[in-house]
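Per-entry structural report
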Number of protein chains: 8
Amino acid sequence: MTSAELLELLEQLRQGRVEPTEVARRLRGESTVDLGFACVDARRGLRQGFPEVIYAEGKTADQVTRIAEAIWKREGRVLVTRLSEEQAARLRRRFRKAAYYPMARCLVLERKPLPKRPGYIAVLCAGTSDLPVAEEAAVTAEAMGNRVERVFDVGVAGLHRLLGKLELIREANVVIVVAGMEGALPSVVAGLVARPVIAVPTSVGYGASFGGVAALLGMLNSCGSGVTVVNIDNGFGAGFAASQINALAAEGRS
Amino acid sequence: MTSAELLELLEQLRQGRVEPTEVARRLRGESTVDLGFACVDARRGLRQGFPEVIYAEGKTADQVTRIAEAIWKREGRVLVTRLSEEQAARLRRRFRKAAYYPMARCLVLERKPLPKRPGYIAVLCAGTSDLPVAEEAAVTAEAMGNRVERVFDVGVAGLHRLLGKLELIREANVVIVVAGMEGALPSVVAGLVARPVIAVPTSVGYGASFGGVAALLGMLNSCGSGVTVVNIDNGFGAGFAASQINALAAEGRS
Amino acid sequence: MTSAELLELLEQLRQGRVEPTEVARRLRGESTVDLGFACVDARRGLRQGFPEVIYAEGKTADQVTRIAEAIWKREGRVLVTRLSEEQAARLRRRFRKAAYYPMARCLVLERKPLPKRPGYIAVLCAGTSDLPVAEEAAVTAEAMGNRVERVFDVGVAGLHRLLGKLELIREANVVIVVAGMEGALPSVVAGLVARPVIAVPTSVGYGASFGGVAALLGMLNSCGSGVTVVNIDNGFGAGFAASQINALAAEGRS
Amino acid sequence: MTSAELLELLEQLRQGRVEPTEVARRLRGESTVDLGFACVDARRGLRQGFPEVIYAEGKTADQVTRIAEAIWKREGRVLVTRLSEEQAARLRRRFRKAAYYPMARCLVLERKPLPKRPGYIAVLCAGTSDLPVAEEAAVTAEAMGNRVERVFDVGVAGLHRLLGKLELIREANVVIVVAGMEGALPSVVAGLVARPVIAVPTSVGYGASFGGVAALLGMLNSCGSGVTVVNIDNGFGAGFAASQINALAAEGRS
Amino acid sequence: MTSAELLELLEQLRQGRVEPTEVARRLRGESTVDLGFACVDARRGLRQGFPEVIYAEGKTADQVTRIAEAIWKREGRVLVTRLSEEQAARLRRRFRKAAYYPMARCLVLERKPLPKRPGYIAVLCAGTSDLPVAEEAAVTAEAMGNRVERVFDVGVAGLHRLLGKLELIREANVVIVVAGMEGALPSVVAGLVARPVIAVPTSVGYGASFGGVAALLGMLNSCGSGVTVVNIDNGFGAGFAASQINALAAEGRS
Amino acid sequence: MTSAELLELLEQLRQGRVEPTEVARRLRGESTVDLGFACVDARRGLRQGFPEVIYAEGKTADQVTRIAEAIWKREGRVLVTRLSEEQAARLRRRFRKAAYYPMARCLVLERKPLPKRPGYIAVLCAGTSDLPVAEEAAVTAEAMGNRVERVFDVGVAGLHRLLGKLELIREANVVIVVAGMEGALPSVVAGLVARPVIAVPTSVGYGASFGGVAALLGMLNSCGSGVTVVNIDNGFGAGFAASQINALAAEGRS
Amino acid sequence: MTSAELLELLEQLRQGRVEPTEVARRLRGESTVDLGFACVDARRGLRQGFPEVIYAEGKTADQVTRIAEAIWKREGRVLVTRLSEEQAARLRRRFRKAAYYPMARCLVLERKPLPKRPGYIAVLCAGTSDLPVAEEAAVTAEAMGNRVERVFDVGVAGLHRLLGKLELIREANVVIVVAGMEGALPSVVAGLVARPVIAVPTSVGYGASFGGVAALLGMLNSCGSGVTVVNIDNGFGAGFAASQINALAAEGRS
Amino acid sequence: MTSAELLELLEQLRQGRVEPTEVARRLRGESTVDLGFACVDARRGLRQGFPEVIYAEGKTADQVTRIAEAIWKREGRVLVTRLSEEQAARLRRRFRKAAYYPMARCLVLERKPLPKRPGYIAVLCAGTSDLPVAEEAAVTAEAMGNRVERVFDVGVAGLHRLLGKLELIREANVVIVVAGMEGALPSVVAGLVARPVIAVPTSVGYGASFGGVAALLGMLNSCGSGVTVVNIDNGFGAGFAASQINALAAEGRS
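Reading the values: rules and limits
- Residues numbered from 1 in each chain as written.
- Chains lettered and ligands numbered in written order.
- Predicted model: local features only at pLDDT ≥ 70, side-chain atom pairs only at ≥ 80, totals over all residues.
- Heavy atoms only, no water.
- Helix = DSSP H or I, 4+ residues; strand = E, 2+ residues; numbered from the N terminus.
- Buried < 20%, exposed > 50% of the residue type's maximum accessible area, 1.4 Å probe, protein only.
- Contact = heavy atoms within 4.5 Å.
- Areas by Shrake-Rupley, 256 points an atom, 1.4 Å probe, with all protein chains shown as cover.
- Lys, Arg positive; Asp, Glu negative; His and termini not counted.
- Charge placed at Lys NZ, Arg CZ, Asp CG, Glu CD.
- Least-squares fit on C-alpha atoms with pLDDT ≥ 70 in both.

The subject of this paragraph is the overall build of chain A. The number of helices and strands found in chain A is eleven helices and eleven strands. Summarising its shape, the C-alpha atoms of chain A cover approximately 70 × 40 × 35 Å along the three principal directions. Expressed as a percentage of the 254 residues in chain A, the buried residues total 66%. When contacts within chain A are restricted to residue pairs at least 6 apart in sequence, long-range pairs at least 24 apart make up 65% of them. A total of about 8800 Å² of accessible surface is found on chain A, and carbon and sulfur atoms cover 49% of it. Taken as two groups, the 32 positive and 27 negative side-chain charges of chain A have centres that lie 4 Å from each other.

In this section: the environment of Gln63(E). Among the secondary structure elements, Gln63(E) is positioned in helix α4 (residues 61–75). You can call Gln63(E) buried: its relative accessible area is 10%. Taking the C-alpha atoms as reference, Gln63(E) lies 9.3 Å from Leu35(E); in sequence the two are 28 residues apart. Residues within four places of Gln63(E) in sequence aside, it is in contact with Phe37(E), Met103(F) and Thr128(F).

We now examine unusual backbone geometry. Residues other than glycine predominantly adopt negative phi, and peptide bonds predominantly adopt the trans conformation. The residue Met181(E) is not glycine, and still its phi comes out positive at about 50 degrees. Positionally, Met181(E) belongs in the loop between β9 (174–179) and α9 (185–192). Residue class for Met181(E) comes out partly exposed when judged on its relative accessible area of 26%. One non-glycine residue, Asp233(G), adopts positive backbone phi at about 65 degrees. By the secondary structure assignment, Asp233(G) is in the loop between β11 (227–229) and α11 (235–253). Overall, Asp233(G) belongs to the buried group, its relative accessible area being 18%.

Mapping chain E onto chain G calls for a rotation angle of 180 degrees and an axial translation of 0.0 Å; the resulting RMSD is 0.1 Å. When the rotation and shift are considered jointly, the pair of chain copies conforms to a two-fold rotation axis. Most of the interface of chain E is mirrored in chain G, where 97% of its interface residues again form contacts.

Right under this line is the structure:
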């Protein structure tokens, strides 16, 4: 609620056009659906342009389904991430038309897809083992109304693979770079493009990769200016942030 | 060099309008100034819209000055970060017109300031001790042609301070959130605004803050969607990334 | 044994009313039941108001059952935490009337429930995945004679959910706040209430959450004054400490 | 602001007894004093019973003094912690009557001391080197209106020292236990008393104490039920939490 | 080979009583049995008083059996630690008379037991879950010719359990103290006895116990003088070191 | 492409003997085979003397097979490491003549073996449990055209085992030393030989070995001059580096 | 107090030969001297054979002196460790006859030295930089009545240095091994001697030695059986434990 | 001593041409010079081609000088690393002809320089702040008889700087790559050259670089095959290992 809306609301109250209890209710935020085990945000689509996203890990298949129902009913659009096979099966029995992306472990349910923004997001990954995370980023960005270009397996040990795709990358509005092991790819990319680079470390590697910590530290210490970083394996977060940035670009253009 | 430019260059070569050695030189990247101890990028302003930025820590005052001279000569614009008192004094003897920001530990030198883009970047910090990092972000963003709104000392332990500035924050194109200790502020902000949020952990704290690690981990694990993170105390990186995003918004609008 | 009791006992000895061996025995603490693999405290209920609690992890189902029998026989009240399915089944074959709480993984066995103290403990959690830990805290507190109000899924990314329940929280004597990921909820709560806040980090999260370390560090570095912290996933410890505090309040009132 | 207060305020608005802008101001939280570099909470004494406490580390002597002035003016009571010698000297030039506690590194300024609550808080420490932290806890608790009993240098390597003071400890409402090195003292104390135990790890030690991490981990993993923990060297936090608990006990009694 | 033995050997060589190749062989250490995958020390019993001990983890059942055969043949005494069920079954098919200790996961094979030394080793543990490690220590010490007194489940949260067994502990030549969680027991024991204390941290615990790191750090930082520490869960190492110390005591006595 | 080759190519272009698009193609590096999920380097054998090696972990059996086919077709030689049983079975159905090394978890496929270089690489390991890593190093080195001498189970706790093999080790061109636990073997070996020593820490150990970290740190801090280190369990990397060094020796000799 | 002593005391009480208050005092442990900031153990010499040792770090010079006076008065023997220059100067002004060991940073004050036990303790160190820690161990052991043989700078990178001193080492009753960097020396020594080996990691090293952590981990994971470990730089602890062991050997012999 | 030499020596003994004590002496390694605080290896030049190198950190200026004298006397060549200003001044008063390299913090003293081997070692660094470490590597390699090519400030954020020097790098026998921050340069270099790459992480960076840990992990996890790594800031180790490899190449050629 903006300041103007608040003054407007209070003015209505003074004029007796709304009741004090109604004003209190609106100021108290009863815009949630209380399921007991969950307190679903029922108006996030309105406030932030996309409904609350369900992170399925650590929830029962039944909990996920009931939260999805609450959001579907109010928003007509649901994105679920980190679905296990079992959770996905349960959800798809309930929602026959849901699109399930096994590599990305995401499920998308929508009355109709969002219109695509102009421009695109490039999603790069360093190796074949990084694909699940890269796909989570790509599917998230697509579900949120963005076009995506995938540029996979272009790690720094074979630079010519990356340089061969440079034009496609440079034309993007935002670049997501997914890499495990030493996580060096974002630094190299940031030196070659002038657009925002979002780095996603993955848990790909062994030994002193410490489940993605080596890649994470590499990205946080990137000598490439302007690289920002999300959590290990957090493809969703990168896709979401990239969508916010791309939306900003689109707004300006329209 | 884009593909089109390359084909153009090669076409010129075939027509005998340039010499093979010249083409080799251009392909080999002699766009650097070699100072022996440093290999300065002489055309970054051209390629990325802003010249190479000098990170002064670990360099002698003399090295910093000589690199600054090389960039100044070719680009007419220099930004130096993490200056010690001594380095700053040395630089200012050489460049009398340089603007020095002691709290931010930055120095800006410019023939004429860049024109300001439409829209602004909000820079928030949680506590008074976070000011140096917040100022580094703000000065960087300003030097790169952005307007900045500062919203300081609005940590989550006194929510009303943050909520009282909410409108100003929501109107920004990008929000930089600087916080030490538990680093909770970006999560709360991300839940309240729909714009990209860049989180900067600081080394403010003691004991189990581990020099900013607690804040860094808090931000990487933020439950607020779309939060991206830079290194501990890296105000510069946040300002740079925010500027890239703001530029994207401005481009669209123009 | 207080100093007064000791002098009393020694006085009795001097008067020949007790034997030296009896005094030695009482000073040596034979108030334990030795099972070989366990040395059960047989009088903790007397000393601390609640019998020894059995932590089942790492014990065989048989060991748990035999310890429970020893406590049950002397104290008439048993609380077991961190029960596996198998251990629970074994115990319930032996104690038909035991109440088992699968989400909390706790079992309570009591001749008659403790009378409820005045006032209540609020148990908050940030997300649905934190429920098992929150329930362990709640069940522990209830078993120890406290009333509990549950306020679940009120994480900081959607502040209005928390603010909507603020009155209920502010009226509690003690507030337990359970959160994973960045663990920011206790800081926000501590800024809004004037009562003791006990923070419980959970292992909910992935990547740089490091099994709950991010939340733990966040809580230890909380900018909210008066937040105290227990081990990761230690719902029991929080429930126990909250009960001690609530007992103190109740004592004063009576 | 409670719900009742809010409805009351809105009712006044409807009756035209207050202006909409005034209501907006109160809802927006202009209860802060904006110093530019700090946003001081001007009514915390009202809301939480004690004014905002100033943590001096990382602030300039001038910043500390100006924040102290703002709080002093509105609340008539100031507590500053983690003062350097230099900051303390600067503050005392401004506030001649301030009481400065060099070992605790705290400064207390008050029109008149708070009345003392019934009952007391016991502050224990394991070794002589832990004194600064223990004193920070004690001075904090005293400044907040509590009586304190100090029991120092009673580490577990010489159990008879602790057992000799047991009665004094058992009579306390809350027990603060400060220890470095292996941090074992809280576990032993928690097994001997039935009151809430707040453990404070200190950075006393060397080598594998890792600046207090060993003690911190020891306390978080305490086998003594009901031990809660604060950050390394956070005597203030322990004193504050103990005061909240003691206040609860006092409220009940009155 | 002592210096005296070496001179003796070289003297024999000069006198022509041994061949140069034989001397070379003895100096080169052909006292090993080469199995290709293992290089078994065939004379350790002679050199150190007990044959090479087989650590079974990470070896195949077949490899363990073949190494055991090589040692058995030359030394007539075999100790195997960290046996899986499967490895144990395989070994017992080959060596029908082997004594297997499932809780300790050890197997002992001996033509005849070693005579018991005078005096005994006390093996303490803090909780029931520490039993496997305590038993590994006890079985190792017994196999090496020592008498052992077991004192189990005497953790510091119930001090009277420990104090009740104090005489038995004080009479030992060496005390092994096994504990998980915060690992405080060795500190308390070291303050009560004047004998060498060997501390064994265990991986018992959860959350911030980090698989035994909390206990390990606690023991390394013990305020009790003279505590030495072995690796997490290394009951074998503690039993071995205790046996060396006890042997020293016995030697002196005889 | 060397500078000479580039000038040559450009000269050809000027003379009209090649097309600009062909030159662009060669400069852009279309020497890759794009499989969508993988971007295979098709000429690494030409550039670096050995084709791209397939790291199988984290790839599906199908992905591994398709990448192997692409390399096989162009290079006639394939090395796959870190194969699971299932991946190996799948590959061997496709490539009947592949040699599979189960202990090393490697698969080698070659039209004809590379000729062996003069001199050899010594591969040492400290214990039987280190064999899989040592074998990965040995098989890699052999597949790349080197002779290998294996010296296994020569850990420092029984120095005579190592000293007995010293001549064989000293005659090698390069020495690979594989060790877990405390990782002390490379330090001792480096003090005894004058050749390059490559240290490979393994994850063998438990407790405070932290999955190989103890061995890794030991090797990085080796007091033996000239020891270089690879990742934990990275037998492949050590074999590859040793082969590069051995090749350098062989080149000189020829 | 042993059980026999307790019964004796209680018997005296029954017979009226002592007062109840006296018995209470003795059971309560008034065998301490309370200095306010310290609670000195006044009878440790009686109980454990050596008075309480003063660890000077973190104490003021004045505190150290006052504690020393209390111990000196009752025990006639004082050992102070980790003295700074300033603390040492202050102490020596008070105790003119104190022997100060600057390399070991220890001070010894004794009416007359303890008689030396038969047998000796060998103190080894790996490099010259380890001397301060080795000397702390040696001076401690000597002050406690042991003969010491120093064997310095015998690190594993030059094995012949160690082997040249082997006889001297093998004849010791206990061996203390001090080493920084990778901490490999104890493993090698433990394989060559049959006596207890106490390993002391030092903070000597840089980079990935992490202030002694690499050495500490190396020693905890030692493949040499029977190695026990103390804290980083804890020469005192090693000397104390070695003295306890040597005392055991001596007792047996007498 | 090789086996042949040993047999020869023993044969001489049998023939009475040497005394047993002489043989014992040679087998016992009296090839050391015992300075009490140091045990100098007097024949390392003979055994390994270069005398023992003195690591000055943690030694007094006097100790360094005396060790240097011992080596100088026997070997006529001394290399000292990690010299402080003060140590350097002290050494140069004693050795007037010593060459001191302040940036590398090395001192070289030689009767006559070693002849240079054919071929060269390339030393790269990523940024100007890495120069001290790069120079330590270069000076070490030069002192050991190698030619060195320096290629400085070629970090991955400006790839064209590196590509512009590629030929020079590819022609080297060995490549040392020095980098701080994310440490990505070795991965990129390893993909471009076919020679051994030795990576040196530096402590350049801040925040999550953790004193070089980020760079170290990046290098250990390098996706570039054949990269080996040394300790953080260990320029000496890299120079030494590169010299060993280069020597191998030179031997072959001669």
